Amino acid sequence: MSFRYQKSLLTGCASLLALGGAAFAEDPTTADHNPTVIADAKATNGPGQASAWAYSGKQGIGSAYEAYKDYQFSDKAATGTVSKVWFSLAEGVVTETMYGRIHEAQIREMQIAVTGAGWTAFERTDTISHVTYLHTDAAGRPLSPAYRLTNTDKQGRFVIIKDVFTDPDHQTLMVRVTVKALKGPVTPYVILDPSMANTSGDDEGHANVTHLQAWQGKVALNLSASVPFKKATVGYTGVSDGIADLTAHQSLGTLHSAADQKGNIILVGQLPTVAKAATFDLAVGFGPTVESASAESAATLKTGYAKVLANYNGEGQAVGWEDYLASLTDLKSLIPISEDNGKLLYASALALKVQEDHTSAGAMIASLSNPWGDTVTTDISSTGYKAVWPRDFYQVSMALAALGDKQTPVAAFRYLPTVQVKASTPGNTGATGWFLQKSHVDGTPEWVGVQLDQTAMPILLGERLEQMGLISKSELLSSYKTTLKPAADFLVHGGTVGLDWNHATITPPYSQQERWEEQEGHSPSTTAAVIAGLTAAADIATQAGDADSAKLYTETADNYSGKLEQRLFTTTGKVRGEDKPASYFLRISRSDDANTPGNQDVRNGKPGLRSDLMVDAGFLELVRYGVRPANDKDITASLAVVDDQTLPDDLRVRYDFHFPGSDVTVPGFRRYGNDGYGEGTEGGNYGPMSPDQRGRVWPIFTGERGHYELALDSLKAGGPSAADIDAIRGTYVKGMELFANEGLMIPEQVFDGVGSKTGHDYTVGEGTDSATPLAWSHAEYVKLLRSVRDRQVWDRNPATYQRFSDKVKD
């Protein structure tokens, strides 16, 4: 993940160059180092002004639970009609809402405006928002991703309460709105900003007192309310949308019933004036036409709030989210491992399952958000993080298996051939067997860089599912022939890529990109996955009677392991200063000699420093997969460098956090020193590629460190003690829980206190605008709970551990 909107404009940074970085001249022509291979035309805003996507720090995400029939989605499954609607919430309002495929946003934002005597207020900017779950058990654990937003006017004039969920039997988003007037009558207005076909341009619309409608091509929406609107209008954003009149005069001004010129439009419906309190139901239906969308809205309103919510939850005879949670055989056993009595655990189970496409079963995305969305324009269709990366995909699949989900990991494994490069992949003229860097959920390639860990992880997943009894040995061996053997062969031989812009020759274990999608070279985290993947492949090959391949994979894994320290463990590292050489694992090396590792490329506005000046904790993946024991002296030496909080802020990795009401010191970690994938220290979102950009702390690394500490404790005679387990729970489990927001969403990144708080006025430890929730963050938390319960790292590959980790260094 990481990674997603990076550019490689070359910039300078004098303070870092003094430490040994190479000097680069600014070159505005440098191409994006992760160019998309999908060339969508720009949508036109028409008379309207351009819009950005919504804030990416989501308070909640949701969709209906859909059961499988034979591991596929079907209207004939127990849940009936497959609902293909997803929503997100941020800053107290409904944000990107998808219909069709999980990346196809049809709503940019929907909020309520309120007018009173001489004033106008808007939910997103003029209220203080809190979020809770609508359906919980007696202990407060969420039982469905249905939410209540309570938005209180900053001046105390009104309160808006919104219940948000989808209709599991229709293509509808349902929002119950309760308005309470506290200082005199108020008039609420629904403001719907559509983004049909995943852009805000090229939309058309109609408005009347019973329907607010928008459409583009073969997709349409309809908003109807439980009462007729008093007035309705449709206009072009910032020009004729009625917002200026509403703000200045507390009325809509000139009404427009149609926006027939394609552009960026906004729909507004005036609800009845509220003297004290009133409740309104809103149903946004979707379909291929406005007629079908209107029918979906009408059906949901006819069913009614109580029944739709009960069906969504799975109460009574309805099959819904309660049933999914009940199917997770290991869920309840993980509650005692948590520090919050299972609240984040249950929210994580829901969040992971929500982020699955409902057409391609098993297609798990990275996040239901667009990173730094509120400064990313909507004129070109973009998936953001709503796409498949095999690495994130693996993390989620393994987490769901850890919960006791017996079906989704299997569907995920069977989905993997969709994103593997074959001779039949459109446009491919080169090597096969590797897995696409990033793709749409239907398998359409989007980014085509080669990351060797993403090719190794499907092998690890397949072997693990067979060991757990989730797939049969015959299915594993069949998959070996068609999917896993080509992947393993690529990890051995590499080859010359021939897909779109990429014609690189890959020579494993040297990877075109590491797990943060930014640099080529040897990487501890990539090499760990490759060694484990080949070791697993050798086991599978042996079972398949393919002795020659088994021998090849084993010998290659041994070779990669034997050269690991030579390539990646420097004994002359200068990250602490030219006069303070230290020994530690590098983040990246571009040679076979870790003491002459070369320079890294300019990325994310940051200069390309000498490789020994950029450290990370990626070497802990060597322990996770079983390639090295936790007490390996090179591992422990490297930890001392990663933990060094006296390093300059730009090179420093570790930051400790303290949260109000808690006495826990939470260790947090950046991806690596000199990371520029984040907000600027001088203010502003990620994107302009300036030297002040700074990658912040990622909660997943708190989980990764917790896994390492468990692995280290497990080497003690008798294994980890009760005190050891309590320490891991009290620091790392609790730490990840503290990083979650009020809606129990775990961010990609949290603010580390360095530089500007930006316009969002971040507090230290608060999620930033990068992406919340991140599926990988929730997966890491779940896997940490399972690992602690089992007293063994969940991701560890047994054959790899047996082969490599009993060779403990002195």
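See above for the structure.
Residues numbered from 1 in each chain as written. Predicted model: local features only at pLDDT ≥ 70, side-chain atom pairs only at ≥ 80, totals over all residues. Heavy atoms only, no water.

Attention now goes to the environment of L89. Secondary-structure assignment places L89 in strand β4 (residues 85-90). Given a relative accessible area of 0%, L89 falls into the buried group. On a C-alpha basis, the gap between L89 and Y55 in space is 9.1 Å, while along the polypeptide they are 34 residues apart. When neighbours within four sequence positions are excluded, L89 is seen to be in contact with G57, K58, Q59, G60, V94, T95, Y147, L149 and V164. (Helix = DSSP H or I, 4+ residues; strand = E, 2+ residues; numbered from the N terminus. Buried < 20%, exposed > 50% of the residue type's maximum accessible area, 1.4 Å probe, protein only. Contact = heavy atoms within 4.5 Å.)

What follows deals with the side chain of D202. Position of D202 among the secondary structure elements: in the loop between β13 (187-194) and β14 (203-207). For the buried residue D202, which engages in no salt bridge, the nearest side chain bearing the opposite charge is K262, 5.9 Å off. Excluding anything up to four places from it in sequence, D202 contacts K42, A43, T44, W215, Q216, K262 and G263. (Lys, Arg positive; Asp, Glu negative; His and termini not counted. Salt bridge = Lys/Arg side-chain N within 4 Å of Asp/Glu carboxyl O.)

With that out of the way, let us pick up the sheet that holds strand β28 (residues 666-670). Spatially, 3 strands are ordered β27-β28-β29 in an open sheet, and the strand pairing comes out antiparallel. Two strands close off the open sheet at either side, each with one partner strand: β27 (654-657) and β29 (697-698). As defined by bridge partners, β28 adjoins β29 across 2 bridges and the pair is classed as antiparallel. When the bridges of β29 are listed, F669 appears paired with W698. (Pairing = 2+ DSSP bridges.)

With antiparallel pairing, the 9 strands of this open sheet are ordered in space as β9-β10-β11-β12-β20-β16-β15-β14-β18. Among the strands making up the open sheet, the edge pair consists of β9 (127-133) and β18 (258-263). The average angle at which neighbouring strand axes cross in this sheet is 15°, direction not considered. With 5 bridges joining them, strand β15 (residues 212-216) and strand β16 (residues 219-225) adopt antiparallel strand pairing. If you follow Q216 over to β16, its bridge partner there is V219. (Axes fitted to C-alpha atoms, helices over the stretch in contact; angles between N-to-C directions.)

The next subject is the nonpolar core. Ranked by size, the top nonpolar core spans 215 residues in total, and within it M110 and L173 carry the most contacts. With 11 residues, helix α13 (residues 524-543) is the largest single contributor of residues to this core. Ignoring anything within four residues of it in the chain, the contact list for M110 reads V93, V94, K162, L173, V175, V190, I191, L192, L223 and V284. (Core = buried A, V, L, I, M, F, W, Y, C linked by side-chain atoms within 4.5 Å.)

With that out of the way, let us pick up the packing of aromatic side chains. Applying the stated criterion to the full structure yields 26 aromatic pairs. On the numbers, 4.9 Å between centres and 45° between planes, the contact of Y133 with Y147 is tilted. One end of the pair, Y133, is in strand β9; the other, Y147, is in strand β10 (residues 147-153), with 14 residues separating them in the sequence. For the pair Y133 and Y147, a shared accessibility class is recorded, and that class is buried. On the numbers, 5.3 Å between centres and 50° between planes, the contact of W516 with W698 is tilted. (Phe/Tyr/Trp six-rings, centres within 6.5 Å; stacked < 30°, edge-to-face > 60°.)

What follows deals with empty space enclosed by the protein. Across all of its chains, the model carries 9 cavities of 30 Å³ or more by this definition. In terms of lining residues, the largest cavity is bounded by Y394, M398, L460, E463, R464, Q467, D795, R796, N797 and P798. If you list the elements that add at least two residues to the lining of the largest cavity, you get α9 (390-403) and α11 (452-467). Per element, the largest residue contribution to the lining of the largest cavity is 4 residues, and it comes from α11. Among the residues making up the lining of the largest cavity, the classes are represented as 4 nonpolar, 2 polar and 4 charged. Quantified by volume, the second largest cavity comes out at close to 50 Å³. In this structure, the second largest cavity is lined by L620, E621, V623, R624, E704, H707, Y708 and V793. Elements represented by at least two residues in the lining of the second largest cavity include exactly α16 (620-625) and α18 (699-713). Broken down by element, the residue count for the lining of the second largest cavity peaks at 4 residues, all from α16. (1 Å grid on protein atoms, 1.4 Å probe; cavity = no way out; pocket = protein on both sides within 12 Å on 5 of 7 lines; lining within 4 Å. Points joined across faces, edges and corners; volume = space filled by probe spheres on them. Nonpolar A, V, L, I, M, F, W, Y, C, P; charged D, E, K, R; others polar.)

Attention shifts here to the pattern of salt bridges. Where charged atoms of side chains with opposite charge meet at close range, the side chains can pair. Taken as a whole and judged by the stated rule, the model has 55 salt bridges. Two residues, D634 and K633, come together in a salt bridge whose shortest N-O distance is 3.2 Å. Two residues, D790 and R789, come together in a salt bridge whose shortest N-O distance is 3.0 Å. Given the relative accessible area of 32%, D790 is considered partly exposed.

What follows covers the layout of surface pockets. Here the idea is plain: a probe the size of a water molecule rolls over the atoms and shows the empty space left. Of the voids in this model, the largest pocket is the one considered here, and its volume is about 810 Å³. Lining the largest pocket are 34 residues, and of these Y55, G57, Q59, E91 and E766 lie nearest its centre. Listing elements by their share of the lining of the largest pocket, those giving two or more residues are α2 (123-126), β9 and α19 (722-739). A per-element tally of the lining of the largest pocket places β9 first, with 4 residues.

Extensive coverage of helix α5 (residues 305-313) is indicated by the burial of 7 of its 9 residues. Residues Y305, V308, L309, A310, N311, Y312 and N313 constitute the buried set of α5. Phi turns positive one or two residues past the end of α5, at G314, with a value near 85°.

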